[in-house]
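Spelled out from the first residue to the last, the chains are:
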Amino acid sequence: MDHNNYPVMFATICAYFLLFSIHVVHGITTTTTTPSTISTCKQTPFPQVCHHFLKPTHLSTLDDKTTVSLGELALQATMEQAVEAHRLISAMDPNSFVERGKSAWQDCLELYKDTVDLLHRSVNSNNKNPLDTHTWLSASFANQQTCQNGFADFQISSHFESFPSMLSNFSKLLSNSLAIHKAATTPSTSSFRDNQIHGRRLLSDGFPDWVSAADRKLLQSGGTASSADIVVAQDGSGNYQTISEAVEAAAKLGGGRIVVYVKAGVYKENVEIKNDITNLMVVGDGVSGDGFIAQDITFENTAGPAKHQAVALRSGSDHSVFHRCSFKGYQDTLYVYSQRQFYRDCNIYGTVDFILGDAVAILQNCNIFVRKPMSGQSNTVTAQARTDPNENTGIVIHNSRITASSDLRPVQGSFETYLGRPWQKYSRTVIMKSNLDGLIHPKGWFPWSGNFALSTLYYAEYMNSGAGAATGGRVNWPGYRVLTSAAEAGEFTVGNFLAGDSWIPAGVPYSAGL
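Nothing here was measured: the structure is a model prediction, and the numbers come from that model.

**Details of the overall build of the protein**
Then comes step 1: A count of helical and extended segments in the protein gives 10 helices and 25 strands.
Then comes step 2: Taking all 514 residues of the protein together, the buried fraction comes to 56%.
Then comes step 3: Restricting to contacts in the protein with at least 6 residues of sequence separation, those with at least 24 account for 71%.
Then comes step 4: Counting only carbon and sulfur atoms, one obtains 50% of the accessible surface of the protein, whose full area is about 20,400 Å².

Shown next, in the form of structure tokens:
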């Protein structure tokens, strides 16, 4: 099954408030080191690559008089290789590819541009929050894997000589950087998280401290046509009739916050907001803004079950929150692509792998509706894509309900439904304190292909209820476990896994703990 290439998506915006905000918090931890730090290369997953890319001139700076760490040098080398990969991709002639190859080339170009930006933040950040660097490195892994899969799936890697080896080296550099960073910062990460868990970092008016005074004023006003830079209206009364046109126009304006006001209506279109479109706020009719990123919106892909991959929403936005939203599709409905994401009181509909991706994602108090698939198909709720064991990513379903939708309920005995299957080697999914309906197969989980990932994945269940929650007949894979410790399960809460107390906007209800 290929999750890297999708048909055109249709997003149905059924309600009325949408805020896209890119918030960058820079973070890296520096430590005083000595030449003995060089031996750390031996402890990385790929020591030969570590030694090869950390030049002797770099290593000579590791002495008692400097605060440059091996982790920083590894990050610098990784960023340099990302820049080189982006340069190589940019220099390619897209006309030399078949049509599908052009798509893979364009995807890689954008993915590596994003990766260079993520690594640049990690290298040059002054903030001492190591969670940011860990997240940005993990997101870079998602980008690299997506690019590599695109070339492999289209069978166009034969067009290149040096590029596939570049991808391989870059993957190993990322893996090394993750390992070094995690080993060096785990204690401080825990300390930072513990310091934040007792309260949100909010200003007196109830907004997170990263929301500027001007943005708070806009949000409190609820957003109106008079305060907007661009107005979207299907009846022609605005500047544009589609959201995509408005986003494209906003990208050309630049120079501070751009407010797009969307009048009430159903907008069937593919809306793409690229990472170079920053400071964009999209506000809809009917709801006053309380600082949420997305509220009361339905994202729907109308392609139907026979169209295979049909994403309704793909989110790679850090610190993103979706509150009271609905995501409707069949296969691959909600693509939690990368970075930190929180879903609260949402409805998600689908059939095959319909919650998928490599984000740090928690779905809390959500309704997950399994739909009727095509004949001969089985349903799988999740397909998490963690590629490296040191990534901080995973899909957590907490205090939610997994049940059959109205079209499946009369025939649910004719189709098997599983909680998930491992898209990548270190796939990690946790389902806790949720109600699992009787449609869940007794084995619970489904393999991807043979024994792939069964010993390296992390699949866990904790204190679930309902007719499908019994764990006595579950799979006996080495990576599957039934959690009995509240402390272990607590690692996957909003307060710990997302450090959500420090950034989830006021007004969005959530439980920080179990």
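Still more ground to cover, so stick around.
**Focus on the pattern of salt bridges**
Then comes step 1: The full count for this structure, using the stated rule, is 7 salt bridges.
Then comes step 2: Close ionic contact of R87 with E84 constitutes a salt bridge, the shortest N to O distance being 2.6 Å. Taken as a pair, R87 and E84 lie in helix α3 (residues 70–91) at a separation of 3 residues, close to a single helical turn.
Then comes step 3: Assessed through its relative accessible area of 26%, E84 is described here as partly exposed.
Then comes step 4: Put simply, R421 and D353 hold a salt bridge, and the shortest N to O gap is 2.8 Å. Of this pair, R421 sits in the loop between β21 (417–420) and β22 (428–432) while D353 sits in strand β15 (residues 352–357), and the two are 68 residues apart along the sequence.
Then comes step 5: Owing to a relative accessible area of 9%, R421 belongs among the buried residues under this scheme.
Then comes step 6: Given a relative accessible area of 0%, D353 falls into the buried group.
Then comes step 7: Via salt bridges that share partners, D132, D318 and R340 belong to a single interconnected network.

**Observations concerning helix α8 (residues 243–253)**
Then comes step 1: Every buried residue belonging to α8 is among I243, A246, V247, A249 and A250, and all of these are buried. Seen end-on, α8 carries its buried residues on one side only, within an arc spanning 165°.

**Observations concerning the nonpolar core**
Then comes step 1: Counting residues in hydrophobic clusters, the biggest one holds 40 residues, and the most contacted among them are F327, Y343, I348 and I402.
Then comes step 2: At the level of elements, β12 (334–336), β15, β16 (360–364), β17 (367–370), β19 (394–398) and β20 (401–404) are the ones that each hand at least two residues to this core.
Then comes step 3: Ranked by size, the runner-up nonpolar core spans 30 residues in total, among them L137, L174, Y335 and W423.

**Points about the sheet that holds strand β8 (residues 298–300)**
Then comes step 1: In space, the 6 strands of this open sheet follow the order β8-β11-β14-β17-β20-β23, with parallel pairing throughout. Looking along the sheet, the strands with just one partner apiece sit at the ends: β8 and β23 (435–436).
Then comes step 2: Two strands pair when backbone bridges link them, and β20 and β23 are joined in this way by 2 bridges, in the parallel orientation. The partner of I402 across the bridge, within β23, is L436.

**Topic: the side chain of D501**
Then comes step 1: Note that D501 resides in the segment after α10 (494–497).
Then comes step 2: A distance of 2.9 Å separates polar atoms of two side chains, one belonging to D501 and the other to Y510.

**Notes on the state of the cysteines**
Then comes step 1: Counting across every chain of the model gives 1 disulfide.
Then comes step 2: Residue C108 pairs covalently with C147 via a disulfide, S to S 1.8 Å. Residues C108 and C147 are joined through a disulfide that is right-handed, its torsion about the S-S bond being 105°. Of this pair, C108 sits in helix α4 (residues 99–124) while C147 sits in helix α5 (residues 130–154), and the two are 39 residues apart along the sequence.
Then comes step 3: Owing to a relative accessible area of 1%, C108 belongs among the buried residues under this scheme.

**Side note on the pairing of β22**
Then comes step 1: Within β22, 5 of the 5 residues are buried, which leaves it mostly tucked inside the rest of the structure.
Then comes step 2: Side-chain alternation along β22 places R428, V430 and M432 on one buried face and T429 and I431 on a second face that is also buried.
Then comes step 3: Note: β22 against strand β24 (residues 458–462), 5 bridges, orientation parallel. By the bridge assignment, M432 is partnered in β24 with Y462.

**What about the sheet that holds β15?**
Then comes step 1: If you walk across this open sheet you meet the 5 strands as β9-β12-β15-β18-β21, and the pairing is parallel. The sheet terminates laterally at β9 (313–315) and β21, the two strands that pair on one side only. Across the sheet, the mean angle from the axis of one strand to that of its neighbour is 15°, orientation sign disregarded.
Then comes step 2: For β12 and β15, the ladder comprises 2 bridges, and the chain directions are parallel.

**So, the pairing of strand β18 (residues 379–384)**
Then comes step 1: Counting buried positions along β18 yields 6 of 6 residues, so the element is predominantly enclosed.
Then comes step 2: As defined by bridge partners, β15 adjoins β18 across 4 bridges and the pair is classed as parallel. Paired with V352 across the strands is T380, a residue of β18.
Then comes step 3: Relative to β21, β18 runs parallel, the two sharing 3 bridges.

**Examining unusual backbone geometry**
Excluding glycine, residues mostly have negative phi values, and the peptide bonds linking residues are mostly trans.
Then comes step 1: Phi is positive for N399, which is not a glycine, with a value near 50°.
Then comes step 2: Along the chain, the position of N399 falls in the loop between β19 and β20.
Then comes step 3: What makes N399 partly exposed here is its relative accessible area of 35%.
Then comes step 4: Positioned with a positive phi, A499 is a non-glycine residue whose angle comes to about 50°.
Then comes step 5: For A499, the location among the structural elements is in the segment after α10.

Reading guide: rules and limits
- Residues numbered from 1 in each chain as written.
- Predicted model: local features only at pLDDT ≥ 70, side-chain atom pairs only at ≥ 80, totals over all residues.
- Heavy atoms only, no water.
- Helix = DSSP H or I, 4+ residues; strand = E, 2+ residues; numbered from the N terminus.
- Buried < 20%, exposed > 50% of the residue type's maximum accessible area, 1.4 Å probe, protein only.
- Contact = heavy atoms within 4.5 Å.
- Areas by Shrake-Rupley, 256 points an atom, 1.4 Å probe, with all protein chains shown as cover.
- Salt bridge = Lys/Arg side-chain N within 4 Å of Asp/Glu carboxyl O.
- Arc of directions from axis to C-beta.
- Core = buried A, V, L, I, M, F, W, Y, C linked by side-chain atoms within 4.5 Å.
- Pairing = 2+ DSSP bridges.
- Polar contact = N/O pair within 3.5 Å; in protein donor to acceptor, adjacent residues only side chain to side chain.
- Disulfide = S-S within 2.5 Å.
- Axes fitted to C-alpha atoms, helices over the stretch in contact; angles between N-to-C directions.

Don't take any of this as a statement about function, it's just geometry.
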